[in-house]
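Examination of the molecular architecture
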Amino acid sequence: MAELGLASTNYYYITPTEAITECINTWGGELRDRVEIDDNRITGRFIDILPRRGEDIDKRWEIDKDILSITENKKQKSTNVHISR
């Protein structure tokens, strides 16, 4: 669980999506959604709030315009993105 500081807010008469957005606006951080699957059945759906790892630069990365290639390394459980300048 990320340590995002102390703050308060309330969630009266809003949708779950609006409540999650309010959490991010209040405490900061980044969202990561994940699904747990067991024997071809979804057994859990989660939204994790992680400490912020980057900054907003108002840039949208697009495949075939800015991104040259995306490769996955299954041994290291990582993804490499090659970006053009």
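Relevant structure appears above.
This text gives an overview of the structure that appears in the document. (Residues numbered from 1 in each chain as written. Predicted model: local features only at pLDDT ≥ 70, side-chain atom pairs only at ≥ 80, totals over all residues. Heavy atoms only, no water.)

Turning our eyes to something else, we now look at the packing of aromatic side chains. Scanning the model with the defined rule gives zero aromatic pairs in all. Just above the ring of Phe46 sits the side chain of Arg34; from NZ or CZ to the centre is 4.3 Å. (Phe/Tyr/Trp six-rings, centres within 6.5 Å; stacked < 30°, edge-to-face > 60°. Lys NZ or Arg CZ within 6 Å of the ring centre and 35° of its normal.)

On to the pattern of salt bridges, then. Overall, the coordinates contain three salt bridges when judged by the stated rule. A salt bridge links Glu36 to Arg34; the nearest nitrogen and oxygen atoms lie 3.4 Å apart. Put simply, Arg34 and Asp48 hold a salt bridge, and the shortest N to O gap is 2.6 Å. Here Arg34 is found in strand 1 (residues 30–38), whereas its partner Asp48 is found in strand 2 (residues 41–50), with 14 residues between them in sequence. Assessed through its relative accessible area of 15%, Asp48 is described here as buried. Here the residues in one salt-bridge network are Arg32, Arg34, Glu36 and Asp48, joined through shared partners. (Salt bridge = Lys/Arg side-chain N within 4 Å of Asp/Glu carboxyl O. Helix = DSSP H or I, 4+ residues; strand = E, 2+ residues; numbered from the N terminus. Buried < 20%, exposed > 50% of the residue type's maximum accessible area, 1.4 Å probe, protein only.)

Here we come to a nonpolar patch on the surface. A cluster of nonpolar side chains, contributed by Val35, Ile37 and Ile42, occupies part of the molecular surface with about 290 Å² of accessible area. Position of Val35 among the secondary structure elements: in strand 1. (Patch = residues over 30% accessible without salt bridge, like charges linked within 9 Å, V, L, I, M, F, W, Y side chains within 5 Å. Areas by Shrake-Rupley, 256 points an atom, 1.4 Å probe, with all protein chains shown as cover.)

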